[in-house]
Amino acid sequence: MGVSSLFSFRQLKNGESVKMKSKMNKEALPRRPPPWTLLWLIDIGVPRSRGLFIILSVLVASSVTLVTSAPSEDIELDEKAKANHRLDSLNILLYTILLSLTVVTIWSFKHRRIRFLHETGLAVIYGLIVGAIIKYASKSGSVTHINVIPAPGEDSQMNGTLLPPDALWLNFMKQGQKPEDLSNHTYSYVFKGEVKGSNGPKDKEIEEKATFDPEIFFNILLPPIIFNAGYSMKRKYFFRNLGTIFTLAFIGTTVSALVIGGILYGFINLLPTSSTFDLVDLMYFGGLISATDPVTVLAIFNDLHVDVNMYALVFGESVLNDAVAIVLVGAIQNFAEESTVQSGSKMIALYESLGVFGWTFGLSFLIGALMGCCTALLTKFTHIKDFPLLETALFVLMSYSTFLIAEAADLTGIVAVLFCGICQAHYTYNNLSRDSRLRTKQLFELLNFLAENFIFCYIGVSMFTFPKHNFDWIFILEAFLAIIVGRAANIYPLSFLLNLGRKKKIPWSFQHMLFFSGLRGAIAFALAIRNTLSLARQTLLTTTSVIVIVTVIICGGGTSQLLNWLNIPVGVDDETEVMQLHMRSLYTPLDGSPKPDGSGVDPYVEGTPPAQTDKALMARWWQKFDQRYMKPLLTHSRPTLLETLPVFCTPIARILTTTEQLTQERVEPINTLSGEPTFAQTFDGHDYRRDYQIGTKILIPGIDGDSI
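Here the residue numbering is sequential within each chain, running from 1 through the sequence in written order. Where local features are concerned, this predicted model is filtered to residues with pLDDT of at least 70; where side-chain atom pairs are given and counted, the filter is 80 or more; whole-chain, interface and lining totals use all residues. Only hydrogens and water are set aside; all other atoms, that is, all heavy atoms of the structure, feed into the side-chain values.

1. Observations regarding the overall build of the protein
Per the convention used, a helix needs a DSSP run of H or I reaching at least four residues, while a strand needs a run of E reaching at least two, with both numbered from the N terminus. Along the backbone of the protein there are 25 helices and 4 strands. Counting every position in the protein, which comprises 708 residues, the buried fraction comes to 45%. For this analysis, residues touch if any pair of their heavy atoms sits within 4.5 Å. A sequence separation of at least 24 residues applies to 73% of the contacts in the protein between residues at least 6 apart. We call a residue buried when its accessible area falls under 20% of the maximum for its residue type, exposed when it is over 50%, and partly exposed in between, using a 1.4 Å probe and counting protein chains only.

2. Topic: the packing of helix 11 (residues 346–381) against helix 12 (residues 388–408)
Packed helices, taken two at a time, are described by the angle their axes make and the gap between the axes. In the contact formed by helix 11 and helix 12, the axes pass within 10 Å of each other and the chain directions differ by 160 degrees. Considered as vectors, helix 11 and helix 12 are oriented roughly antiparallel to each other. Considering the relative orientation of helix 11 and helix 12, their crossing is right-handed. On helix 12, the residues that touch Ile367, Gly368, Met371, Cys374, Thr375 and Leu378 of helix 11 are Leu394, Phe395, Met398, Ser401, Thr402, Ile405 and Ala406. Classifying every residue of the contact of helix 11 with helix 12 gives 9 nonpolar, 4 polar and no charged. Structural elements are reduced to axes, namely lines fitted to C-alpha atoms, with helices fitted over the stretch in contact, and the angle between N-to-C directions of any two is expressed from 0 to 180 degrees. By the definition adopted for this analysis, an angle is roughly parallel if under 35 degrees, roughly antiparallel if over 145, roughly perpendicular if from 65 to 115, and oblique otherwise. Less than a right angle of anticlockwise turn of the near helix away from the far helix marks a crossing as left-handed, whereas a clockwise turn marks it as right-handed. Throughout, the ten residues Ala, Val, Leu, Ile, Met, Phe, Trp, Tyr, Cys and Pro are labelled nonpolar, Asp, Glu, Lys and Arg are labelled charged, and all others, Gly among them, are labelled polar.

3. Observations concerning the side chain of Asn453
Relative to the assigned elements, Asn453 resides in helix 14 (residues 434–465). Accessibility expressed as a relative area gives 2% for Asn453, which makes it buried. Setting aside anything within four residues of it in sequence, one finds Asn453 in contact with Leu99, Thr102, Glu119, Thr120 and Ala123.

4. Topic: the pattern of salt bridges
Salt bridges are defined as contacts in which a side-chain nitrogen from Lys or Arg sits within 4 Å of a carboxyl oxygen from Asp or Glu. Scanning the model with the defined rule gives 5 salt bridges in all. Across the salt bridge formed by Arg530 and Glu215, the nearest N and O atoms sit 3.2 Å from each other. One end of the pair, Arg530, is in the loop between helix 17 (522–529) and helix 18 (535–557); the other, Glu215, is in helix 5 (residues 214–231), and 315 residues separate them in sequence. Taking the relative accessible area as the measure of exposure, Glu215 reaches 31% and is therefore partly exposed. The salt bridge partner of Asp281 is Arg537, with a shortest N-O separation of 3.7 Å. Taken together, the positions of Asp281 in helix 8 (residues 279–289) and Arg537 in helix 18 put the pair 256 residues apart, joining distant regions of the chain. Accessibility classification places Asp281 together with Arg537 in one group, the buried group.

5. Some points on the nonpolar core
If you look at the biggest cluster of nonpolar residues, it comprises 123 residues, and the most contacted ones within it are Leu222, Phe285, Phe301, Met310, Ile455 and Met513. Here this core gets 16 residues from one element, more than from any other, and that element is helix 10 (residues 308–341). Not counting the four nearest positions on each side in its chain, Phe301 is found in contact with Val306, Met310, Tyr311, Val314, Met513, Thr559 and Leu563. Ranked by size, the runner-up nonpolar core spans 7 residues in total, among them Ala369, Tyr427, Met630 and Leu634. Among buried residues, those of type Ala, Val, Leu, Ile, Met, Phe, Trp, Tyr and Cys that are joined through side-chain atoms within 4.5 Å constitute a nonpolar core.

6. Observations concerning the side chain of Arg240
Residue position: Arg240 is located in helix 6 (residues 235–240). N or O atoms within 3.5 Å of each other form a polar contact, as long as, within protein, one can give a hydrogen and the other can take it, and as long as residues adjacent in sequence are counted only when both atoms are side-chain atoms. A polar contact is formed between the side chain of Arg240 and the side chain of Asn309, at a distance of 3.5 Å.

7. Overview of the environment of Ala451
One can find Ala451 in helix 14. Ala451 gets classed as buried once you look at its relative accessible area, which sits at 4%. Separated by 234 residues in the primary sequence, Ala451 and Phe217 place their C-alpha atoms 9.0 Å from one another. Sequence-distant contacts of Ala451, defined by excluding residues within four places in its chain, comprise Leu221 and Ile225.

8. Some points on the packing of helix 17 against helix 18
At their nearest, the axes of helix 17 and helix 18 sit 9 Å apart, and the two run at 165 degrees to each other. Classified by the angle between their axes, helix 17 and helix 18 sit roughly antiparallel to one another. Where helix 17 crosses over helix 18, the two elements pack in a sense that is left-handed. Between helix 17 and helix 18, the contacting residues are Ala524, Phe525, Ala528 and Ile529 on the first element and Leu541, Thr544 and Ser545 on the second. Residue classes in the contact of helix 17 with helix 18 are distributed as 5 nonpolar, 2 polar and no charged.

9. Brief notes about the confidence of the model for the protein
Residue-level confidence of the predictor, termed pLDDT, takes values from 0 up to 100. For the protein, mean pLDDT is 75; residues scoring 70 or higher make up 68% of the total. In the model of the protein, strand 1 (residues 4–8) stands out as the element of lowest mean pLDDT, 37, in contrast to helix 12, which has the highest, 95. The model gives residues 1–44 a pLDDT under 50, and that stretch makes 61 contacts with residues more than four places away or in other chains.

10. Side note on a nonpolar patch on the surface
Each patch is built from residues lacking any salt bridge and having more than 30% relative accessible area; the joining distance is 9 Å for like charges and 5 Å for nonpolar side chains (Val, Leu, Ile, Met, Phe, Trp, Tyr). Each accessible area is a Shrake-Rupley estimate made with a 1.4 Å probe; only the visible protein chains count as cover when residues are assessed. Together, Ile146, Val148, Leu168, Phe172 and Tyr189 make up an exposed nonpolar region whose accessible area comes to about 470 Å². Assignment of secondary structure puts Val148 in the loop between helix 3 (119–137) and strand 3 (167–175). Its relative accessible area of 41% is what places Val148 among the partly exposed residues.

11. Examining the packing of aromatic side chains
Two aromatic rings, drawn from Phe, Tyr or Trp (for Trp, its six-membered ring), form a pair once their centres lie within 6.5 Å of each other, and the interplanar angle then sorts them: stacked below 30 degrees, edge-to-face above 60, tilted otherwise. Using the criterion set out here, one finds 26 aromatic pairs in the structure. Grouped by ring-pair contacts, the aromatic residues Tyr95, Phe217, Phe454, Tyr458 and Phe525 constitute a single cluster. In this arrangement the basic side chain of Arg530 is found over the ring face of Phe218, its NZ or CZ atom lying 4.0 Å from the centre. Throughout this description, the term charge over a ring refers to an Arg CZ or Lys NZ atom that lies within 6 Å of the ring centre and within 35 degrees of the ring normal.

12. Notes on helix 17
Burial of helix 17 is extensive: 8 of the 8 residues sit out of reach of the surface. Among all positions of helix 17, only Ala522, Ile523, Ala524, Phe525, Ala526, Leu527, Ala528 and Ile529 are buried.

13. Here we look at the environment of Val148
Put simply, Val148 and Leu170 are 22 residues apart on the chain and 8.4 Å apart in space, counted from C-alpha to C-alpha. Beyond its immediate chain neighbours, meaning those up to four positions away, Val148 contacts Leu168 and Leu170.

14. Structural notes on helix 7 (residues 242–270)
The span one expects for a helix is its residue count, reduced by one, times 1.5 Å. Across its 29 residues, helix 7 extends 41 Å between first and last C-alpha, which sits within 8% of the 42 Å expected from 1.5 Å per residue. Taking the largest bend as the criterion, helix 7 deviates by roughly 35 degrees, centred on Gly252. Two axes are fitted around each residue, one to the seven residues ending there and one to the seven starting there, and the angle between them is reported as the bend at that residue.

In structure tokens:
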């Protein structure tokens, strides 16, 4: 009588042998279980090698059965996921190659001192070429579409609103393994926007992949650009021309937006276009297109060392102009909403919009300044500088969280992160270790370069791949005329009024250069692409893209020639007076008076006595307050709060004053490899620690509480 055994199979692990347990049953053989349970009976009389072969054969057959019985839907979805991943990788590779080509080409231009085309113009041109190739030469599969009609009884108005639904639930009948097996499945589709044509678009997959979510620009790409603008600002010249910059940025941007919107409204009534616009649409366009981005001009200014006051005017006006334009666009949108709610009460809606403008800008500024001050306090009263990597990480995270806090509070993150960058440069930078100073400066400079050029590459590519362009050439020509007049109305009348009160006048050459520097760029494009639902907004996006491309290539390429034609000074170096400042003084006297040798110090206008400076009145007031209270509180600079606060505040002042402030000694972090200080020397190569050891008191430039 044969004897059988019951075996259970265990997967091999790390080369261990197969172990089988046998259970003798001489009375009866149990029923053979299904093969996928991995349990079966083998006649003991069969040799072990043959039994193992049978076991493996059954395992293979079972696995094949499992695969063939698996739903084909999973396999198809896996293949589709692989294809999407491949296209995503190709898309990212495409933009990486574009940026690499831009870098190599601009290096060649710089090496040969060719300045007729900047890297942003190159990025746009390369983007246009690649976009045309994707549009007309690629052979990727097309995207499938199904026309869906709402079922009878569905509320197509979505509870009275005029907007389409956020998501679509599609009931799809799917066939099972057998023809008679039908099951109903529901799939969710997210709203993307309106399509053109009755049959829908015939897009290619690579075209869709080359189109990014507009929120990527606002939440990922714009923050480092704006932060770097504030962090790398030449603050002494910015504050010297503070009144002029504020006038051009606030009043000038508003005037420009109103002029552009009004001119276009008149053109539309005299010469109708294929698109339908109302006054709010045109004012909205006037606001977003008033955001200038002279990155090309400023780069050439920096290469040629243009007059520092000219640089400060162009840079300061463009930085604040971007922030004002974003808040202005929000105020115009609020006016449109309130005028609809108020049923024709335009004046009430106008006053509310002005209030929203001031409220949004003020609170955004406050959030940015507070976050910058909080970072300065953290770096001053902790020893995180002993770990430069952690210090740099905290700096970056605190700076980026400023943008997110403002956006989450329904304010403007661009304004917040701009003033956060200014505060970080003015206060926090002085508390950082030298490693962190170099890292943060280089990191944000790199991020700014990559983000700027990526946006301009995308502008070129999107001219062919973005599905919601509407080319209205009559409106585009009208828009060019309107922005020329609007820019002129911004610069020349306000410069005339400012010269009435300025000791140092703004010359005509500077005014012409300011007018020519009104390039449009990343901010205008990012504002235009956020909403492309209606035909009017699609026309505005197309017009903005064309204006950006033309101004970047033409105006950016003509900057060097215009500087020569206007005889604007170049080759001006502003570092000499900075070095003279550090050699002459330790810090400014509390009363702001010049030293006995006449070398009074102005932290914003180095090397000039305060009584002789042409600095703005607001800046002079802020300078005194900043030197007495803000810098002693937020940095390790002298004088300390023990010297500036009243006597009854001495206990608080003692708490807020660090030992480093009292001794004016800076201890750099320890290098974990050598055990020595990471940097024993400052930028000029002099070992100041040796001076401290022998009792010589010397102020280290840019480290002991003094901003470079």
